[in-house]
Amino acid sequence: MTDPFARWRVATVAAAALLPLSAAQSEPTIAELLERIERQEQKIAVLERKLEIKEEADQAAASSAATVRADARGFALRSADGKNQLRLRGVLHFDAAT
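All values derive from a computational prediction rather than experimental measurement. (Residues numbered from 1 in each chain as written. Predicted model: local features only at pLDDT ≥ 70, side-chain atom pairs only at ≥ 80, totals over all residues. Heavy atoms only, no water.)

Q: So what's going on with the overall build of the chain? Which residues, and what values?
A: Across its full length, the chain holds two helices and three strands. Starting at the N terminus and walking to the C terminus, you meet the elements of the chain as α-α-β-β-β. Put simply, the chain shows about 9,700 Å² of open surface, and 61% of that area lies on carbon and sulfur atoms. (Helix = DSSP H or I, 4+ residues; strand = E, 2+ residues; numbered from the N terminus. Areas by Shrake-Rupley, 256 points an atom, 1.4 Å probe, with all protein chains shown as cover.)

Here it is, written out as structure tokens:
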């Protein structure tokens, strides 16, 4: 039969061994915190610029996209600048003889 307190002893020894390691980690200094803030601000600036570039690209793509329209008069495709247009219309005719 094993000792029921063996796990507790192992856990206590492990905690005692790790205790000095946790005490070695001290609070960051003000200079370290200021450096971290500066790095975060640089990252934010880079991400904001990337977002601006993406928005500009999206606007350019939207302004150069063709439009498609479907209504009672038929289908129409129009270029972004409006200079070119393609209309598709049709007539359906039935004839019967008896």
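Q: Help me get a handle on the sheet that holds strand E1 (residues 67-71), residues and values and all.
A: Spatial strand order, E1-E2-E3: three strands in an open sheet with antiparallel pairing. Looking along the sheet, the strands with just one partner apiece sit at the ends: E1 and strand E3 (85-88). The average angle at which neighbouring strand axes cross in this sheet is 15°, direction not considered. Relative to strand E2 (residues 74-78), E1 runs antiparallel, the two sharing five bridges. Within the sheet, the bridge partner assigned to threonine 67 lies in E2 and is arginine 78. (Pairing = 2+ DSSP bridges. Axes fitted to C-alpha atoms, helices over the stretch in contact; angles between N-to-C directions.)

Q: Please set out the pattern of salt bridges residue by residue, giving values where relevant.
A: In the structure shown here, the tally under the stated rule is three salt bridges. Glutamate 52 is paired through a salt bridge with arginine 49; the nearest N and O atoms lie 3.1 Å apart. One end of the pair, glutamate 52, and the other, arginine 49, are both in helix H2 (residues 30-63), three residues apart, so they sit about a helical turn from each other. In this structure, the salt-bridge partner of arginine 69 is aspartate 71, at a minimum N-O distance of 3.4 Å. (Salt bridge = Lys/Arg side-chain N within 4 Å of Asp/Glu carboxyl O.)

Q: Provide a residue-level description of a nonpolar patch on the surface, including the pertinent values.
A: A cluster of nonpolar residues, Val68, Phe75, Leu77, Leu86 and Leu88, forms a patch on the protein surface that exposes about 500 Å² of accessible area. Counting only elements with at least two residues in the nonpolar patch, the list comes to E2 and E3. Tracing the sequence through the fold places leucine 86 in strand E3. (Patch = residues over 30% accessible without salt bridge, like charges linked within 9 Å, V, L, I, M, F, W, Y side chains within 5 Å.)

Q: Now, about the pairing of E3: what can you tell me, with residues and values included?
A: In this structure, E2 lies alongside E3, joined through four bridges in antiparallel fashion. Bridge pairing in E3 links leucine 77 to leucine 86. As consecutive antiparallel partners, E2 and E3 are separated by six residues, and within that stretch glycine 82 has a phi angle of approximately 80°, a positive value.

Q: Go over a positive patch on the surface, please, and point to the residues and values.
A: Residues Arg73, Arg78, Arg87 and Arg89 make up a contiguous surface patch of positive charge. Within the fold, arginine 73 resides in the loop between E1 and E2. (Lys, Arg positive; Asp, Glu negative; His and termini not counted. Charge placed at Lys NZ, Arg CZ, Asp CG, Glu CD.)

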